Amino acid sequence: MRRWNGWGDEATTYHLPASAAAYLESLMGAAQSLPDASLDGILAAVPAPRLPPHAGISTDPAERLHHAHGQSLPDWVAMRSGHLPAFPDGVVYPTCDQDLRGWFDYARNAGARLIPYGGGTSVVGHINPRPQDAPTITLDLSRQNCLLNLDETSLLATFEAGVNGPDLERALAAHGYTFGHFPQSWELSTLGGWIATRSSGQQSYHYGRIEDLFAGGHVETPEGPLELPPLPASAAGPDLRQMILGSEGRFGIVTRGIVRVRKSPEVDRFYGIFFHDWQSGADAVREIVQSAVPVSMLRLSDARETEATLRLSGKDRLIAYADRGLRAFGYRAGRSLLILGVTGDSASARFAYHTAAAISRKHGGLVTGQTIGKTWRKNRFLAPYLRNTLWERGYAIDTLETALPWSKAIPAAAAIQDAIRNALEPFNERALVFAHLSHVYPDGVSIYVTYLWRRAADPDQTLAHWQAMKSAASSVVVSCGGTISHQHGVGLDHAPYLQAEKGELGIRMIESVRQSLDPDRLLNPGKLVA
Ligand SMILES: Cc1cc2nc3c(=O)[nH]c(=O)nc-3n(C[C@H](O)[C@H](O)[C@H](O)COP(=O)(O)OP(=O)(O)OC[C@H]3O[C@@H](n4cnc5c(N)ncnc54)[C@H](O)[C@@H]3O)c2cc1C
């Protein structure tokens with residue numbers, strides 16, 4: 001069963017070994033477990049719905065609570081403290097386009113707003129109703145989750161957009177295919193959510209971002225249906241798919257996605273390579289991608305993340321043994337770990353591995369085989385469960401990300417991390433901050449920053465600490481010329497920084513699309529544009 005106040009399935013726990021807890025304590029100070037609000041207490045405080053009873057609308061407090069938040073840091077503080085700013089007034093589970101049209105009519109007549117909801121894994125406040133909004137209904141799309149068609153000649157699959165990652169891959173695997181879109185939230189996030197947030201999977205270098213994979217589909221908008229034919233390419237004016245990608249539930253509801261699929265790969269392997277420092281690793285990664293070596297993933301941790309990853313794994317004896325070996329070869333404090341993925345048929349995977357390994361060695365890389373890569377692969381969807389464990393031990397954790405041209409990336413990563421650390425100092429607290437290069441392109445790279453700090457006894461104080469760090473980091477992102485989000489989207493948390501990226505005219509263009517498709521402002525108020 002899904003956890004009501006944290007990440008993932010209740011049956012799964014990320015155990016934090018004593019040595020890892022001691023490591024965190026040495027960096028941030030001793031933390032204490034703080035009490036969380038009880039489910040019964042929160043349910044008792046869910047306000048009465050502001051809409052008249054309707055047979056098709058669930059007003060069950062537990063369902064309204066489940067749909068009141070996503071997975072952002074403010075959501076975590078709200079879930080665990082019980083202070084949720086707003087709840088949807090009801091939840092509906094549409095099963096077809098006709099249903100959705102009915103809910104558009106209902107919302108128009110009742111003066112209500114509608115929030116499309118996929119898996120609820122947004123980390124930036126995409127699905128939260130706001131206290132100032134009109135009565136709100138959440139449209140949970142999870143019942144629209146089937147594979148409708150597989151065109152094996154064109155390698156195109158049509159899915160209902162509420163399908164989640166595991167169900168989608170299972171349906172394709174039965175025919176020998178894969179979609180290959182593996183965000184870390186894969187267990188719970190959905191095709192519609194990926195499209196609406198411009199999501200990126202861990203092996204996007206091989207399979208492509210969702211923009212590359214979304215060939216077409218069907219969108220129900222308050223002004224009528226929009227068909228997006230799956231054309232391999234088209235010069236017929238602007239690409240309407242690009243207006244739906246990243247539309248954050250504001251322009252319409254994606255009900256079906258036609259996606260590009262591939263034969264399941266023969267080989268899907270991951271290797272660990274150590275560099276003397278982050279910069280030499282980054283130089284190797286850039287050369288690999290600019291030489292178009294067909295690898296599937298290049299994930300380069302900085303020194304602090306390399307250290308933290310090893311320490312939090314809890315495999316103390318193995319780590320001590322590896323540490324001695326690495327030191328003997330001269331890989332010391334600044335060492336930086338690259339996880340290299342190769343995916344596809346055996347011959348191209350072999351070629352990709354050998355070419356990437358040779359480039360890495362040229363930059364001082366030490367290729368250590370598959371042990372680290374296998375562990376990474378095994379835990380790739382377990383890592384988010386660490387959030388539950390850390391929170392319960394008294395630590396908060398959040399991530400942020402951006403993308404920039406190569407020429408700016410490493411200095412920007414340093415400036416963002418400094419900004420986070422400095423923002424916490426006035427509170428007499430220390431943040432543990434680290435980063436990795438996560439998605440690579442010939443012209444640039446995305447930077448993914450993780451930061452941890454101690455929770456305060458007062459949840460508002462924990463939120464104030466986060467606000468100070470988040471806004472300091474976001475200002476640096478903007479001043480360095482980075483995007484406010486490479487993969488998480490805008491939601492509520494990044495809304496203040498959108499205009500810096502799009503410009504005033506750009507925001508007017510987005511607003512005019514909203515006006516064309518949803519003139520009565522029925523959908524997801526306050527997201528992307530006012
Ligand atoms: C632990 C964790 C790890 C993550 N890792 C990654 C990662 O590796 N890569 C990445 O890209 N993201 C990641 N995310 C962020 C998140 O998973 C993505 O933004 C994801 O695409 C959201 O999908 P969802 O189905 O959960 O959408 P939701 O959170 O339910 O909704 C997100 C937005 O999409 C809209 N929406 C949802 N479905 C539809 C639809 N059918 N039609 C129109 N609008 C719709 C909603 O209105 C909302 O605005 C992570 C999140 C967590 C919590």
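The rules behind each value
Residues numbered from 1 in each chain as written. Predicted model: local features only at pLDDT ≥ 70, side-chain atom pairs only at ≥ 80, totals over all residues. Heavy atoms only, no water. Pairing = 2+ DSSP bridges. Helix = DSSP H or I, 4+ residues; strand = E, 2+ residues; numbered from the N terminus. Contact = heavy atoms within 4.5 Å. Axes fitted to C-alpha atoms, helices over the stretch in contact; angles between N-to-C directions. Phe/Tyr/Trp six-rings, centres within 6.5 Å; stacked < 30°, edge-to-face > 60°. Buried < 20%, exposed > 50% of the residue type's maximum accessible area, 1.4 Å probe, protein only. Lys NZ or Arg CZ within 6 Å of the ring centre and 35° of its normal. Near = heavy atom within 4 Å. Polar contact = N/O pair within 3.5 Å; in protein donor to acceptor, adjacent residues only side chain to side chain. Areas by Shrake-Rupley, 256 points an atom, 1.4 Å probe, with all protein chains shown as cover.

*Asks:* Tell me about the sheet that holds strand 13 (residues 336-344), and name the residues and values.
*Replies:* If you trace the seven strands from one edge of the open sheet to the other, you get 14-11-13-12-16-17-15, paired in antiparallel fashion. Edge positions in the sheet fall to strand 14 (366-367) and strand 15 (395-405), since each of these pairs with one other strand and no more. Strand direction decides the pairing type here: strand 12 (residues 297-301) and strand 13, joined by four bridges, are antiparallel. Residue pairing in the sheet places Met297 in a bridge with Gly341 of strand 13. Along the sheet, helix 17 (residues 406-424) makes contact with strand 15, strand 16 (432-440) and strand 17 (444-454), crossing strand 15 at roughly 155 degrees.

*Asks:* Provide a residue-level description of the packing of aromatic side chains, including the pertinent values.
*Replies:* Summed over the entire model, instances satisfying the criterion amount to eight aromatic pairs. Considering the side-chain rings of Phe179 and Trp194, the 6.1 Å spacing of their centres and the 25 degrees angle between planes classify their relative orientation as stacked. Of the two residues, Phe179 is situated in the loop between strand 6 (177-178) and helix 7 (191-197) and Trp194 in helix 7; the sequence distance between them amounts to 15 residues. The exposure classification of Phe179 matches that of Trp194, with both residues buried. Ring geometry for Phe270 and Trp376: centres 5.0 Å apart, planes at 50 degrees, overall tilted. Here the residue Phe270 occupies a position in strand 11 (residues 267-275), and Trp376 occupies one in helix 15 (residues 371-379), the gap between them amounting to 106 residues. Taken together through their ring pairs, the aromatic side chains of Phe182, Trp186 and Phe381 make up a single cluster. Taking NZ or CZ as reference, Arg143 lies 4.2 Å from the ring centre of Tyr93, over its face.

*Asks:* Give me the site of the ligand: which residues, what numbers.
*Replies:* The immediate surroundings of the ligand are formed by 35 residues, with Pro116, Gly118, Thr121, Ser185 and Thr190 found nearest. One nitrogen or oxygen atom from the main chain of Gly118 is found 2.7 Å from an oxygen atom belonging to the ligand. Between the ligand and Ser199, the relevant distance is 2.9 Å, taken from an oxygen atom to a side-chain nitrogen or oxygen of the residue. Protein contact buries 98% of the 970 Å² of open area that the ligand shows by itself. Elements represented by at least two residues in the shell around the ligand include exactly strand 2 (113-117), helix 7 and strand 9 (253-260). At five residues, helix 7 tops the list of elements feeding residues into the shell around the ligand.

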